[in-house]
Amino acid sequence: QVQLVESGGGLVQPGDSLTLSCAASGGTFSRYTMGWFRQAPEKEREFVGAVTRSGLRIFYADSVKGRFAISGDVAKNTVYLRMNNLKLEDTAVYYCAAQLPQRGATTPDYDYWGQGTQVTVSS
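Each chain has its residues counted from 1, following the order in which its sequence is written. In view of the model being predicted, local features appear only for residues whose pLDDT reaches at least 70, and side-chain atom pairs are presented and counted only at 80 or more, with totals across whole chains, interfaces and linings using the full set of residues. Side-chain metrics rest on all non-hydrogen atoms present in the structure, leaving aside hydrogens and water.

> I'd like to hear about the pattern of salt bridges, residue by residue, with values.
Definition used for salt bridges: Asp or Glu carboxyl oxygen within 4 Å of a side-chain nitrogen of Lys or Arg. Taken as a whole, this structure holds six salt bridges when the rule is applied. We note a salt bridge from K65 to D62, for which the minimum N-O separation is 3.1 Å. Put simply, R103 and D111 hold a salt bridge, and the shortest N to O gap is 2.8 Å. Among the ionic contacts, a cluster of salt bridges with common partners joins R38, E46, R67 and D90.

> Describe the pairing of strand β8 (residues 78-83), listing the residues and the values that go with them.
Relative accessibility under 20% of the residue-type maximum defines a buried residue, over 50% an exposed one, and the middle range a partly exposed one, all with a 1.4 Å probe and only protein chains included. Labels follow the DSSP assignment, with helices taken as runs of H or I lasting at least four residues and strands as runs of E lasting at least two, numbered in each case from the N terminus. In terms of residue burial, β8 counts as a mostly covered element, since five of its six residues are buried. Of the pairings in the sheet, the one linking strand β3 (residues 18-25) to β8 comprises six bridges and is antiparallel in character. Counted as the bridge partner of C22 is V79 from β8. Two strands make a pair as long as DSSP finds a minimum of two bridges between them. In terms of strand pairing, strand β7 (residues 68-73) meets β8 through six bridges, oriented antiparallel. Residue F68 lies in a different strand from β8, and its bridge partner there is M83. A loop of four residues connects β7 with β8, the two strands running antiparallel in sequence, and N77 in this loop sits at a positive phi of about 50 degrees.

> Got a sec to walk through the pairing of strand β11 (residues 117-121)? Specific residues and values, please.
Only one face of β11 is covered, namely the face carrying T117, V119 and V121; the face carrying Q118 and T120 is uncovered. As paired elements, strand β2 (residues 10-12) and β11 share three bridges and run parallel to each other. Paired with L11 across the strands is T120, a residue of β11. Pairing between strand β9 (residues 92-99) and β11: three bridges, direction antiparallel. Of the residues in β11, the one forming a bridge with V93 is Q118.

> Which residues make up the packing of aromatic side chains, and what values go with them?
Under the pairing criterion, centres of Phe, Tyr and Trp rings, with the six-membered ring standing for Trp, must be within 6.5 Å; the plane angle then separates stacked pairs below 30 degrees from edge-to-face pairs above 60, leaving the rest tilted. Evaluated as defined, the whole model comprises six aromatic pairs. Arranged with centres 6.4 Å apart and planes meeting at 80 degrees, the rings of Y32 and Y112 form a pair that is edge-to-face. Highlighted residues: Y32 in the loop between β3 and β4 (33-39) and Y112 in strand β10 (residues 112-113), separated in sequence by 80 residues. Since its relative accessible area comes to 23%, Y112 is described here as partly exposed. Among the aromatic residues, those joined into a cluster by ring pairs are F37, F47, Y95, Y110 and W113. The residue whose ring lies beneath R45 is Y95, and the NZ or CZ to ring-centre distance is 3.9 Å. A positively charged side chain is recorded as over a ring if its NZ (Lys) or CZ (Arg) lies within 6 Å of the ring centre. The angle to the ring normal must also be within 35 degrees.

> Can you tell me about the sheet that holds strand β1 (residues 3-7), naming the residues and giving the values?
With antiparallel pairing, four strands are arranged side by side in an open sheet as β1-β3-β8-β7. Looking at which strands have only one partner, the edges of the open sheet turn out to be β1 and β7. Strand-to-strand, the axes of this sheet are offset by a mean angle of 20 degrees, without reference to chain direction. The pairing of β1 with β3 spans five bridges and is classified as antiparallel. Looking across to β3, one finds that E6 is bridged to C22. Interaxial angle, 0 to 180 degrees, is taken between N-to-C directions of lines fitted to C-alpha atoms, where a helix line uses only the stretch in contact.

All quantities given are derived from atomic positions and should not be read as evidence of function.
In structure tokens:
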């Protein structure tokens, strides 16, 4: 059983940067496809980015491509989502998720989910 705990959310202004962390326990994240999703009020959960096992491939939603970046620290068993040039429309609860076996990195069909961390972008 994999447990995922997100942290790093907060209130920022447009143009600011923020890094979210996803600490994994009960499994080595490099064996999983690790995804980031977000959900804004009254909207469906949407894909943000994902990295397949061992970092073989990385995917990003078009809305965040060039601004967000996924990375990982194997020693800390932690995946990060670096968010630059944040926009008002990035406001959402951000979720980390793990998938094994890999079957579709960009859909919400993941096996384990964190509790989410709130990111609010406001001027």
